[in-house]
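Here is how the chains run, residue by residue.
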Amino acid sequence: MKMTPRVRKILSHYESDNPGTKTNLARILMQGRLAGTGKLVILPVDQGFEHGPVRSFGPNPAAYDPHYHFQLALDAGLSAYAAPLGMIEAGADSFAGQIPIILKLNSANTLTAAKNLARPRGAPQTVLLTGATGYLGRFLCMEWLQRLSQSGGTLICIARGRDSGAARERIADALDRGDPDLTREFQTLAADHLEVLAGDVDEPNLGLDDGTWNRLADNVDLIVHPAALVNHVLPYSQLFGPNVVGTAEVIRLALTSKLKPINYVSTVAVAFSGDDVFGEDVDIRTAIAVRKIDDTYANGYANSKWAGEVLMREAHDLCGLPGAVFRCDMILAHRRYAGQLNVTDLFTRLMLSLVATGIAPRSFHEFDGRTDGARAHYDGLPVDFIAEAIATLGANATDGFHTYNVVNPHDDGISLDQFVDWLIAAGNPIQRIDDYGDWLTRFETAMRALPDRQRQHSELNLLDAFRPPTPALHSPVLPADAFRAGVRSSCIGVDRDIPHISADLIGKYVADLRQLELL
Ligand SMILES: NC(=O)c1ccc[n+]([C@@H]2O[C@H](COP(=O)([O-])OP(=O)(O)OC[C@H]3O[C@@H](n4cnc5c(N)ncnc54)[C@H](OP(=O)(O)O)[C@@H]3O)[C@@H](O)[C@H]2O)c1
């Protein structure tokens, strides 16, 4: 960011402040008519939509429109605009990037008091989990039920539903995909160790009544937060509520009554910025202080998960909240339980589409000059391993701030091309097409001709992800030294190391898709 000597001088007085705060201050000081002078004027708007616009803006009806205030601040050449959440949400998309926005929270008491709250002690006995109806969340639910059954503890899940019974049904249903062992195991553990509350992370108090909120604030020892609106198409403005405000609300609960460590599930998409990638020891607020809002693929999703990580860092810096961030890449099928694969994800759709159409490219990757074909690596890990890793490392993260890149770091040549070889070797008739462009055209035509249900679960609407062929990556997309060290020292997984993707797992995709009658 370009700064005048005057602004640089002012910032030098804030050397000990965190990088995020300094970047925001710099943006404010370099905005509007006073940019660079070292002076600033902020437009503060209060109450308004919280208490009813008619009362607050009565003499000036034009101000009923939240955009009016953004525009006023811009027209006046002000340095920033400060308002409560509702007002900001109503203009965040239209005015994104035009003026620094300051969110006014009524939580001063929460933040000030938090530093003196009791800190976590011992193994957690009451764990709160969000997102248990989701793909990763259901296996985090199983992991924690198993752990808490050993110590007589309780897992509390917040899930959407008409009431707590309906929310509980939804979790049971997510785990009941045709494997009787899993269903039995869940029912046995849940009978004594699971409480389900109907709630919504996108609502104040997570959609809970005050009594329940206070009970959770007093009793919960650890919060595991994978819930998110996982959508690569929606813009930031629509993901802001569930993914950013939702995470802020989870943090508020963690800072009420006693400090509760949070395990926040994030994505590798957060740690890419241009050609740079970031390790686990880097403060994301420094590495990527500002992000663009645009209409590139998954921009809103990556921004919303980044904002969640920023909130976690801020809560740690300001209030000493212990935090662990787990940045996952593709979460693959469960290695054991039948029918447990994520039917909506890009990878499952690809497996289905390759087998259903019977055609694959000679290679998915740009030719890298090797005569034996491109050597590449696919970054994904089985869901059972990821859930075990998050539960184990997360339970230990009772102090400080930890970031783990939950990626597959092996330069093992196990790639999409290898998966096609395995599919063919297992007897699936797949023809290799030499020319990539030719394959893509034929693939699209063949998917259009599939029966309705198969077509809906195919790659048809996500084909852009394969246009053009990707470079052959040998090593992991992100460094994962802390994650690997944690996995090894805590003896996570059958190999006590990060696993390689196996032919058995790819074979299980086909078996699971057949069981679900998608093949
Ligand atoms: N899948 C991957 O390959 C992948 C890769 C990298 C990172 N991640 C991260 O891993 C986490 C889990 O992903 P996933 O694939 O398991 O997602 P998923 O299957 O779509 O599950 C998302 C969960 O979040 C819940 N949720 C969404 N909005 C909510 C709200 N307003 N209130 C309460 N719950 C809400 C959903 O509940 P409903 O059932 O009510 O919708 C569901 O339980 C996410 O944080 C995601 O960013 C996933």
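The structure presented is a predicted model; accordingly, all values stated were derived computationally and were not measured. (Residues numbered from 1 in each chain as written. Predicted model: local features only at pLDDT ≥ 70, side-chain atom pairs only at ≥ 80, totals over all residues. Heavy atoms only, no water.)

**A word on the side chain of Thr-348**
The residue Thr-348 is located in helix α14 (residues 346–357) in this model. If sequence neighbours within four positions are ignored, Thr-348 has contacts with Leu-341, Asn-342, Val-343, Tyr-509 and Leu-513. (Helix = DSSP H or I, 4+ residues; strand = E, 2+ residues; numbered from the N terminus. Contact = heavy atoms within 4.5 Å.)

**Observations concerning the domain arrangement of the protein chain**
For the protein chain, the assigned domains are domain 1 (5–110), domain 2 (116–330 + 399–406) and domain 3 (334–381 + 412–515). Each of domain 2 and domain 3 has a C-alpha centre, and the two are 28 Å apart. Taken together, the 24 residues of domain 2 in the interface contact 23 residues of domain 3. Here domain 2 meets domain 3 over a buried area of about 2000 Å², counting both sides, of which 60% is carbon and sulfur. In terms of surface lost to domain 3, no three residues of domain 2 exceed Tyr-135, Glu-280 and Met-330, which account for 31% of the buried area on that side. Across the domain 2-domain 3 interface, the total number found is 11 residue pairs in polar contact (both at pLDDT 80 or more). (Domains from an automatic or database assignment. Buried area = accessible area lost by both parts, 1.4 Å probe. Polar contact = N/O pair within 3.5 Å; in protein donor to acceptor, adjacent residues only side chain to side chain.)

**Considering the site of the ligand**
Around the ligand, the surrounding shell holds 24 residues, and the nearest of these are Thr-133, Arg-170, Asp-200, Tyr-301 and Lys-305. At 2.6 Å from an oxygen atom of the ligand is found a side-chain nitrogen or oxygen belonging to Arg-170. Between Tyr-301 and the ligand, the recorded distance is 2.5 Å, taken from a side-chain N or O atom to an oxygen atom. Here the ligand has 900 Å² of accessible area as a free molecule, and 85% of this is covered by the chains. Counting only elements with at least two residues in the shell around the ligand, the list comes to α7 (135–151), β8 (262–267), α13 (299–319) and β12 (330–332). Counting residues per element, the shell around the ligand draws most heavily on β8, at three residues. Here the shell around the ligand is composed, by residue class, of 12 nonpolar, six polar and six charged. (Near = heavy atom within 4 Å. Areas by Shrake-Rupley, 256 points an atom, 1.4 Å probe, with all protein chains shown as cover. Nonpolar A, V, L, I, M, F, W, Y, C, P; charged D, E, K, R; others polar.)

**Focus on the nonpolar core**
Leu-155, Phe-186, Phe-347, Met-351, Leu-354 and Phe-483 are the most contacted members of the largest nonpolar core, which has 92 residues in total. When residues of this core are assigned to domains, at least three fall in each of domain 2 (116–330 + 399–406) and domain 3 (334–381 + 412–515). Filtering out sequence-adjacent residues up to four positions away, Phe-347 remains in contact with Met-330, Leu-332, Tyr-378, Leu-416, Phe-419, Ile-506 and Tyr-509. Judged by nonpolar contacts, the second largest core, of 29 residues, contains Val-201, Leu-208, Ala-227 and Leu-321. (Core = buried A, V, L, I, M, F, W, Y, C linked by side-chain atoms within 4.5 Å. Buried < 20%, exposed > 50% of the residue type's maximum accessible area, 1.4 Å probe, protein only.)

**Quick word on unusual backbone geometry**
Outside of glycine, negative phi angles account for most residues, and trans bonds account for most peptide bonds. Cis geometry is found at the peptide bond from Arg-467 to Pro-468, where omega equals -10°. Examined against the element boundaries, Pro-468 turns out to sit in the loop between α18 (452–456) and α19 (481–489). A positive phi angle, near 55°, is found at Leu-206, a position not held by glycine. By the secondary structure assignment, Leu-206 is in the loop between β6 (194–198) and α10 (210–219). Its identity is not glycine, yet Ser-257 carries a phi of approximately 75°, on the positive side. Among the structural elements, Ser-257 can be located in the loop between α11 (236–254) and β8. Residue Ser-257 is classed as partly exposed on the basis of its relative accessible area, which comes to 38%.

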